[in-house]
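What follows is each chain in one-letter form.
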Amino acid sequence: MLTLVTGCRGRIGSTLAALLLDRGHPVRAASRNPAELALPAGIPAVACDLGDPETFPAALEGVDSVFLYAEPSHIDGFLAAAQAAGVGHIVLLSSSSVLAPDAASNPIAASHHAVEEALTASTVGSTFLRPGDFASNAHQWAGAFRSGRPVDLPYPLGQTSPIDETSIAEAALAVLVDARSQGAAYHLTGPESLTATEQVELLAAASGSATTVNAVSREAWKESVAPFLPADLAEALLNHWAATDGSTADVTRDTEKLTGRPARTFASWAAEHAAAFRA
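Residues numbered from 1 in each chain as written. Predicted model: local features only at pLDDT ≥ 70, side-chain atom pairs only at ≥ 80, totals over all residues. Heavy atoms only, no water.

### With respect to the pattern of salt bridges
Point 1. For the structure on display, the rule yields 11 salt bridges.
Point 2. Close ionic contact of Arg264 with Glu170 constitutes a salt bridge, the shortest N to O distance being 2.9 Å. Separated by 94 residues along the polypeptide, Arg264 in the loop between helix H10 (254-259) and helix H11 (266-272) and Glu170 in helix H6 (residues 165-177) bring together distant segments of the chain.
Point 3. A salt bridge links Glu256 to Arg253; the shortest N-O distance between them is 3.1 Å.
Point 4. According to the relative accessible area criterion, Arg253 is exposed, its value standing at 59%.
Point 5. Counted as one network, the salt bridges with shared partners bring together Glu170, Arg261 and Arg264. (Salt bridge = Lys/Arg side-chain N within 4 Å of Asp/Glu carboxyl O. Helix = DSSP H or I, 4+ residues; strand = E, 2+ residues; numbered from the N terminus. Buried < 20%, exposed > 50% of the residue type's maximum accessible area, 1.4 Å probe, protein only.)

Below, the structure written as structure tokens:
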């Protein structure tokens, strides 16, 4: 049962490909630029650009299942190619943002929602993984840590339940190799709800830093990220954080249900990535 893993330049895809290999499952790694991938021996790489339908047929040849990133631009073409290749199961890396009532128009959720809709209408079997905030989102604070500046937060008490990407990859592995987990949607979270301030404190402890938090206005934060973050996406993030300000974030046991063990903690992620936050 050959699995095509898209997005193998990313942490989730590369980790999943290695896990499949370790478990003895045939795997093919896909990326827009496969020559740039650093893969364990035994994992062949193939070009698959989800924005270029011409790459689909060769990438999908002989494939039984797919781990798919949520790129909506040519999803109908991808599904047609998958059906023609005989693919029986697609595991989609979606997002918990699709659970919001405005998912179809929300800048954070829209692409994931569109791909979920296409998969639901397809004859190819599918499973949706809907992780919440990634632990790696904390990398946005690394510059402040390394320069000795406080971390600017518009909602210091906003809470999330950050999930380690390795836990997401392990959940994807479980769905791909165990038919009993197919056909459902899983809301994946970390094991605890943490404020943004608590996350900064855990990173400070792990990296040996004295970095603190500086509360800033919405407008000041939007201005600071304007050079690299579109205004509509910045506004959507601010609204997301505002909705969680002072309230506990959702914590599910779906990761544990799939993998047989709790999701990794943010503290363990911080310890593993502490070097990125040291001056």
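Next comes the rest of the write-up.
### Focus: the sheet that holds strand S5 (residues 89-93)
Point 1. Read across the sheet, 7 strands follow the order S3-S2-S1-S4-S5-S6-S9 without closing on themselves; strand pairing throughout is parallel. Strands with a single pairing partner mark the edges of an open sheet, and in this sheet they are strand S3 (45-47) and strand S9 (185-188). Strand-to-strand, the axes of this sheet are offset by a mean angle of 20°, without reference to chain direction.
Point 2. The pairing of strand S4 (residues 65-69) with S5 spans 5 bridges and is classified as parallel. (Pairing = 2+ DSSP bridges. Axes fitted to C-alpha atoms, helices over the stretch in contact; angles between N-to-C directions.)

### A closer look at the packing of helix H1 (residues 11-22) against H6
Point 1. Put simply, H1 and H6 touch, their axes get as near as 8 Å, and they point 50° apart. It follows from the interaxial angle that H1 and H6 lie oblique. Of the two possible hands of crossing, H1 and H6 adopt the one that is right-handed. Together, Arg11, Ile12, Thr15, Leu16, Leu19 and Leu20 of H1 and Glu165, Thr166, Ile168, Ala169, Glu170, Ala172, Leu173, Leu176 and Val177 of H6 make up the contact between the two elements.
Point 2. Each residue belonging to the contact of H1 with H6 can be placed in one class, and the counts come to 10 nonpolar, 2 polar and 3 charged. (Parallel < 35°, antiparallel > 145°, perpendicular 65-115°, else oblique. Left-handed = near helix turned anticlockwise from the far one by under 90°. Contact = heavy atoms within 4.5 Å. Nonpolar A, V, L, I, M, F, W, Y, C, P; charged D, E, K, R; others polar.)

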